[in-house]
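Results of the structural survey
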Amino acid sequence: MVQRRGSVLTHIGPVRTCIGCRARTLPSELLRVVVVDGTVVPDTRRRLPGRGAWLHPDPGCLRNAEKRRAFPRAFRVQGPLDVEGLREHFEQYRQEVAGSPRDQQEARKQVDPS
């Protein structure tokens, strides 16, 4: 991430760009994806071989990347790529996050300010 301190830019580790929203952020906030046999698959352990691309784990960023045709450009391949497996991964991720105990605790902590 890049932070501006006065007129000097300081780096806090590596920075990656989401191919969906084009936001630059830390790799820990993004999901690495790779192409395996014409299919875009999530690389959750960041160990799969080949050229990778980075994407926020958000269906909106996935839609933007598809609409902008960013996957073939990012992977430097010709033709369309199958992203259905990635879409399923995002759906599963969203369900896990929505059902996490932390979210439920935060919902209970809300207090009416009146």
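Criteria and cut-off values
- Counting from 1, residues in each chain are numbered in the order their sequence is written.
- With the structure being a predicted model, the display of local features is reserved for residues of pLDDT at least 70 and the display and counting of side-chain atom pairs for 80 or more, all residues being used for whole-chain, interface and lining totals.
- With hydrogens and water stripped out, all remaining heavy atoms of the structure feed into the side-chain values.
- Two strands qualify as a pair provided that DSSP identifies no fewer than 2 bridges between them.
- Segments assigned H or I by DSSP are reported as helices when at least four residues long, segments assigned E as strands when at least two residues long, and all are numbered from the N terminus.
- Fitting a line to C-alpha atoms yields each axis, with helices limited to the stretch in contact; the angle taken between N-to-C directions then spans 0 to 180 degrees.
- Whether two residues touch is decided by their heavy atoms; if any such pair falls within 4.5 Å, the residues are in contact.
- To qualify as a nonpolar core, a set must consist of buried Ala, Val, Leu, Ile, Met, Phe, Trp, Tyr and Cys residues joined through side-chain atoms within 4.5 Å.
- Classification of residues uses two cut-offs on accessible area relative to the type maximum, computed with a 1.4 Å probe and protein chains only: under 20% is buried, over 50% is exposed, and between them is partly exposed.

1. Observations regarding the sheet that holds strand E6 (residues 39-42)
Consider a sheet: its strands pair through backbone hydrogen bonds, and that pairing is either parallel or antiparallel. Within the open sheet, the three strands sit side by side as E6-E5-E7. Their pairing is antiparallel. Unpaired on one side and paired on the other, E6 and strand E7 (52-55) mark the two borders of the sheet. Neighbouring strand axes in the sheet, compared pairwise and without regard to direction, differ in orientation by 35° on average. With four bridges joining them, strand E5 (residues 31-36) and E7 adopt antiparallel strand pairing. Each residue of the ladder has a partner; that of Leu31, found in E7, is Leu55. Against the sheet, helix H3 (residues 84-98) makes contact with E5, E6 and E7, and its axis sits at roughly 150° relative to E5, the strand it touches most.

2. With respect to the nonpolar core
Ranked by internal contacts, the top residues of the largest apolar core, which has 20 residues, are Ile19, Val33, Val40, Leu55, Phe71, Phe75 and Leu86. Those elements giving two or more residues to this core turn out to be E5, E7, helix H1 (59-67), helix H2 (70-75) and H3. Ranked by residues supplied to this core, first place goes to H2 with four residues. Leaving out residues up to four positions away in the same chain, Val33 has contacts with Val40, Val41, Pro42, Asp43, Arg51, Gly52, Ala53, Phe71, Phe75 and Leu86.

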